[in-house]
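For reference, the chains in residue letters:
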Amino acid sequence: MTQKNSRLIWVLLIGMFLFVVYLFLQNQSPEEEQKAANAATLVSTQIVSNSTLVRQVTSLGTALANESVQIVTNTSDYLTVLHINEGQRIEKGQLIAQLNDVEERARVAELSASLLDQKRQLERVKNLAKTQATAQSLLDEQQTRVNTTQAQLDAVKARLNEMTIRAPFSGVLGLRQVSEGAYLTAGTVLTTLDDLSMIRLEFSVAEYYLAQLKPGMAVNASSVAYPGKLFTGQIKAIDTRLDPVTRSVKVHALVPNDQLELRPGMLLNVSVTLAEVQALQVSEKAIVPLQNKQYVFVVNKDNSVTQTEVQLGQRLPGLVEIVSGLNPGDQVVIEGTTKIRSGSIVALTVSKAGQ
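Asks: Describe in detail the packing of aromatic side chains, supporting the description with residues and values.
Replies: If you walk through the whole model with that rule in mind, you get three aromatic pairs. Centre to centre, the rings of Y78 and Y183 are 5.0 Å apart; their planes meet at 70°, and the pair counts as edge-to-face. Of the two residues, Y78 is situated in strand β3 (residues 77–82) and Y183 in strand β8 (residues 183–184); the sequence distance between them amounts to 105 residues. Taking the relative accessible area as the measure of exposure, Y183 reaches 48% and is therefore partly exposed. Aromatic side chains Y208 and Y209 sit 5.0 Å apart centroid to centroid with 90° between the ring planes, which places their arrangement in the edge-to-face category. For Y208, a relative accessible area of 64% gives the class exposed. Under the relative-accessibility criterion, Y209 is labelled partly exposed at 25%.

This is how it looks when you write it as structure tokens:
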């Protein structure tokens with residue numbers, strides 16, 4: 001009996017202890033929650049303001065020579081003269097190569113002499129036709145001979161001209177592909193000729209920006225070959241057609257290349273300035289993505305924060321444009337967003353724009 005009473009006493013004591021602990025926790029929880037609610041979270045903030053925003057489109061482009069041709073032969077014969085200084089500038093009309101033209105020159109001399117004689121004969125027949133009506137047929141025959149010889153002479157002179165190859169425009173010669181004395185067939189490539197004083201920059205722009213593109217707009221280009229250097233030019237032409245697969249349009253810009261630093265085939269990073277406008281910008285660290293929407297925490301006058309949805313515009317390194325949702329002068333949290341929620345109290349350290 002005594003043992004049963006002892007157990008009952010222990011059960012009652014344990015129950016009373018648990019009840020006291022429960023009452024203690026009930027009395028303390030509201031106070032702790034109130035303290036936690038009143039505790040301020042240290043965050044960094046930024047004042048939203050209007051600043052100049054350069055709207056631009058970026059792309060990858062390929063450098064092309066302003067003028068570019070392959071120098072080829074138009075006939076077959078031995079190469080007697082070759083004036084190709086690889087990588088050197090050559091002026092328009094300057095001699096590049098000469099094929100063996102001995103036969104053509106002889107034929108020109110022969111036909112020139114024959115034509116001269118036939119023209120003399122034609123003059124005699126003309127004088128005779130003035131007094132004799134029967135000489136008219138002789139006049140017609142002689143005129144035909146003169147015309148035929150003249151046509152033959154023109155054809156031979158054309159072939160003779162093909163034996164001499166000259167620069168069609170001023171530019172820089174490429175690597176030579178043949179040697180002097182070689183027998184060349186029609187279509188043999190001798191070298192290349194590129195006008196590098198201006199570079200034609202070809203790049204593609206999305207259909208979205210088509211209405212904003214205009215000839216004459218400034219273009220900036222950079223290359224990994226010249227770190228930190230910008231090459232500036234202007235849009236020259238915009239293609240009349242869009243690529244139906246990529247929905248983009250090809251654009252050509254002209255970039256001065258006086259130092260011949262840019263070469264055809266180079267890959268360039270291209271940016272086109274579309275406009276300069278005043279726009280609200282905040283640090284990209286202030287943006288809190290949630291599902292398909294973007295939010296920021298706006299600090300109220302009582303240092304509480306409100307989660308506010310915003311519409312984003314153009315992104316820049318470290319910054320983002322706010323199209324709607326904020327006003328100039330609003331203060332937004334840029335550091336500490338993971339530690340707060342709407343209604344939280346914060347302690348502020350204000351950062352400069354862009355930090």
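Asks: Please set out unusual backbone geometry residue by residue, giving values where relevant.
Replies: Residues other than glycine seldom take positive phi values, yet L260 does so here, at roughly 55°. Tracing the chain through its elements places L260 in the loop between β12 (248–256) and β13 (267–283). At N303, a position not held by glycine, the phi torsion is positive, near 70°. Counting through the fold element by element, N303 comes out in the loop between β15 (293–299) and β16 (305–316). Look at N303 and you get partly exposed, because its relative accessible area is 29%.

Rules used in this analysis
Residues numbered from 1 in each chain as written. Predicted model: local features only at pLDDT ≥ 70, side-chain atom pairs only at ≥ 80, totals over all residues. Heavy atoms only, no water. Phe/Tyr/Trp six-rings, centres within 6.5 Å; stacked < 30°, edge-to-face > 60°. Helix = DSSP H or I, 4+ residues; strand = E, 2+ residues; numbered from the N terminus. Buried < 20%, exposed > 50% of the residue type's maximum accessible area, 1.4 Å probe, protein only.

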